[in-house]
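Residue-level structural notes
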Amino acid sequence: DGSLSWTAILPNATATYTFTATAGGETTTCTVSVTRYTPSSGGSSSGGSSSRPSTTTETVENEDGSTTTTVTNNRTDTVTETTEYPDGTTTTVVTDGETGAVTETTQYPDGSSRVVETGADGTVTAAETDADGNTTQVSEGTDGAVTTTVARADGGSSVTTADPAGRVTAEV
């Protein structure tokens with residue numbers, strides 16, 4: 001049928017490999033992420049043994065040129081999805097399988113970052129740090145209260161809070 005296959009023997013180590021193959025004038029690339037296999041230590045289990053790996057990893061190359069790697073912890077159901085964009089930006093989303101909390105972290109090439117945490121209770125906290133080290137954090141509780149904290153790289157700071165009734169207090 002004209003298809004070709006290659007086999008690679010890889011070491012038992014956690015790593016990401018990129019393979020490029022050229023055949024018949026066509027070139028294709030495949031990225032494979034490998035998670036080190038560690039057998040469980042001695043002892044016995046009344047439930048028998050399981051061949052299910054502790055994590056599964058999938059890597060996909062997206063149409064926009066970015067690459068997304070999804071790692072699922074099969075014991076805790078925690079999913080970590082990391083997308084690396086061509087411009088050097090990296091976004092990682094971690095969904096805690098036990099609590100349901102979600103944390104999205106974006107690192108930009110200039111050193112700035114953005115972290116958005118959504119707690120299982122609906123509390124949302126977003127923090128942005130610019131390339132100079134100035135940070136703005138906004139937290140919104142489930143009761144509607146919002147707190148904004150600004151911390152400047154030079155040590156200055158301010159905190160503004162709006163309660164659910166709309167009353168605002170500021171501390172500079």
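Bear in mind the structure is a predicted one, so any value in this text is a computation, not a measurement. (Residues numbered from 1 in each chain as written. Predicted model: local features only at pLDDT ≥ 70, side-chain atom pairs only at ≥ 80, totals over all residues. Heavy atoms only, no water.)

Across the sheet, which stays open at both edges, the 11 strands sit in the order β3-β4-β5-β6-β7-β8-β9-β10-β11-β12-β13 with antiparallel pairing between neighbours. Strands with a single pairing partner mark the edges of an open sheet, and in this sheet they are β3 (55-61) and β13 (168-171). Pairs of neighbouring strands in the sheet enclose a mean axial angle of 10°, with direction left out of account. As judged from the 4 bridges shared by strand β12 (residues 157-162) and β13, these two strands associate in the antiparallel manner. Considered in β13, the bridge of A162 is made with V168. (Pairing = 2+ DSSP bridges. Helix = DSSP H or I, 4+ residues; strand = E, 2+ residues; numbered from the N terminus. Axes fitted to C-alpha atoms, helices over the stretch in contact; angles between N-to-C directions.)

In regular strands, side chains alternate between the two faces of the sheet. Residue alternation in strand β4 (residues 67-73) divides its side chains into a buried set, T68, T70 and T72, and an unburied set, T67, T69, V71 and N73. Pairing between β3 and β4: 7 bridges, direction antiparallel. Looking across to β4, one finds that V60 is bridged to T68. Linking β3 to β4, which pair antiparallel, is a turn of 5 residues; within it G65 sits at a positive phi near 95°. Linking β4 to strand β5 (residues 79-84), which pair antiparallel, is a turn of 5 residues; within it D77 sits at a positive phi near 65°. (Buried < 20%, exposed > 50% of the residue type's maximum accessible area, 1.4 Å probe, protein only.)

Following the sequence through the fold, T68 ends up in strand β4. Residue contacts for T68: discarding those within four places in its chain leaves E58, T59, V60, N62, E81, T82 and T83. (Contact = heavy atoms within 4.5 Å.)

The pLDDT averaged across the chain works out to 83; a share of 84% of its residues lies at or above 70. Counting interchain partners and residues more than four positions distant, the pLDDT-below-50 stretch residues 41-49 has 0 contacts. (pLDDT = per-residue confidence, 0-100.)

With a phi angle near 65°, D77 is a residue other than glycine that sits in the positive phi range. For D77, a relative accessible area of 47% gives the class partly exposed.

With that settled, the discussion passes to the environment of G144. Mapping G144 onto the fold places it in the loop between β10 (135-140) and β11 (146-151). Exposure remark for G144: the relative accessible area of 31% places this residue in the partly exposed category. Residues G144 and D163, spaced 19 residues apart in sequence, show a C-alpha to C-alpha distance of 7.0 Å. Apart from the residues lying within four places of it in its own chain, the contact partners of G144 are A162 and P164.

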